[in-house]
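Here is how the chains run, residue by residue.
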Amino acid sequence: KSFIKRVIPLKPLDAQYAKPGAVQSDTVAHCGDSIAGFYAFSLTMTDICSTWTENRATWTKSAFLVGEAIKDIEKAMPFPLTDYSADNGNEVLNENIFDHFQKRPEGRRVNVTRGRPYRKNDQAYVEQKNNSHVRGIFGYERIDDRSLIERMNEIYKIWNALQNYFIPTTKCIEKKRDGAKIKKKYDKPKTPYQRILDSADVAEEAKQKLRVTYEKLNPFELSNELGKQQRAFFGILKRAKQPVVA
């Protein structure tokens, strides 16, 4: 933690991002009612501008395993990262992650910042996705079977495709205080895919790759496969929790 406080600056509270590439990162514990023992974690990374979101499941929140998941998500993002922000958890913010983003050629370095301790609103974008993209799929069940990690990632692969290409999101574009109330104005609903295509800051080559992928996807097939995979997953989880009868 001393390294984090000494080297990684706090993210400015008025930070604004006008183009894709600035992401927030966080983990969610699948521990059920007890934090004792070993269990699965989900890593969520979301792009502030486009709302493009990727998830990966890991066995425990080992800094190495989460670090590998962060690198995997970076490769999957349809644009280069420019900014990486996380809370002060050692699994998402440590010396190895800092070196991964900073020790690269000039022009490809990723700016690394952190939120204030115990201030979840500093990571509001990813906190929202933790609820919709993680709890919305796996709920609050305890997942303490290591063999289920691969299945979780297969489910996330389907879920992320469905969300990024076909589910519209809205973004707050203006806030005005009216006495004790804050009035918010939102933009027109767009999918993350549409937001990227509309961005002048994303390379045409990257957009074309997304178009090719989009043409291969069917939202109804994705939804049906997602339901099938979820039923199989929770069936295995339920059987694993049943007491053994002698």
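That block above? That's the structure.
Residues numbered from 1 in each chain as written. Predicted model: local features only at pLDDT ≥ 70, side-chain atom pairs only at ≥ 80, totals over all residues. Heavy atoms only, no water.

For the rest of this paragraph, the subject is the overall build of the chain. From N to C terminus, the chain includes eight helices and seven strands. Taking the principal axes of the C-alpha coordinates as reference, the chain spans close to 60 × 50 × 45 Å. Within the chain, the proportion of its 246 residues that are buried is 45%. For the chain, long-range pairs separated by at least 24 residues make up 66% of all intrachain contacts whose partners lie at least 6 apart in sequence. Taking the average location of the 43 positive side-chain charges in the chain and that of its 31 negative ones, the two points are 3 Å from each other. (Helix = DSSP H or I, 4+ residues; strand = E, 2+ residues; numbered from the N terminus. Buried < 20%, exposed > 50% of the residue type's maximum accessible area, 1.4 Å probe, protein only. Contact = heavy atoms within 4.5 Å. Lys, Arg positive; Asp, Glu negative; His and termini not counted. Charge placed at Lys NZ, Arg CZ, Asp CG, Glu CD.)

Moving on: unusual backbone geometry. Although it is not a glycine, Thr 51 adopts a positive phi angle of roughly 70 degrees. Topologically, Thr 51 is positioned in the loop between strand S2 (40–47) and strand S3 (53–59). At Thr 60, a residue that is not glycine, the phi angle is positive and equals roughly 70 degrees. As for its placement among the helices and strands, Thr 60 is situated in the loop between S3 and helix H2 (63–76).

Take the sheet that holds S3 next. With mixed pairing, the five strands of this open sheet are ordered in space as S3-S2-S1-S4-S5. What marks the edges here is a single partner per strand, and that holds for S3 and strand S5 (111–114). Between one strand axis and the next, the sheet turns through 20 degrees on average, direction left out of account. Relative to S5, strand S4 (residues 83–86) runs parallel, the two sharing four bridges. Residue pairing for S5: Tyr 84 is matched across the bridge by Val 112. Against the sheet, H2 makes contact with strand S1 (22–29), S2, S3 and S4, and its axis sits at roughly 155 degrees relative to S3, the strand it touches most. Where helix H5 (residues 149–166) meets the sheet, it contacts S2 and S3, and its direction lies at approximately 175 degrees from that of S3. (Pairing = 2+ DSSP bridges. Axes fitted to C-alpha atoms, helices over the stretch in contact; angles between N-to-C directions.)

What follows is about the packing of aromatic side chains. Under the criterion given, the structure shown has 11 aromatic pairs. Ring centres of Tyr 39 and Phe 41 lie 5.4 Å apart, and the angle between their planes is 25 degrees; this geometry places the pair in the stacked category. Judged by its relative accessible area of 8%, Phe 41 falls in the buried class. Ring geometry for Tyr 84 against Phe 101: centres 4.9 Å apart, planes inclined by 35 degrees, an arrangement best described as tilted. With Tyr 84 in strand S4 and Phe 101 in helix H3 (residues 95–102), the pair connects residues that are 17 residues apart, well separated along the chain. With respect to class, Tyr 84 is no different from Phe 101; both count as buried. Linked through ring pairs, Trp 52, Tyr 165, Phe 166, Tyr 193 and Tyr 214 together constitute an aromatic cluster. (Phe/Tyr/Trp six-rings, centres within 6.5 Å; stacked < 30°, edge-to-face > 60°.)

Moving on, we come to the pattern of salt bridges. One pass over the structure, following the stated rule, counts nine salt bridges. Arg 104 serves as the salt-bridge partner of Glu 74, at 3.1 Å between the closest nitrogen and oxygen. Here Arg 104 lies in the loop between H3 and S5 and Glu 74 lies in helix H2, a separation of 30 residues in the sequence. In this structure, Arg 142 and Asp 144 form a salt bridge, with 3.1 Å as the shortest nitrogen-oxygen distance. Through salt bridges with shared partners, a single network forms among Glu 54, Arg 56 and Asp 72. (Salt bridge = Lys/Arg side-chain N within 4 Å of Asp/Glu carboxyl O.)

Just distances and angles here, no functional claims.
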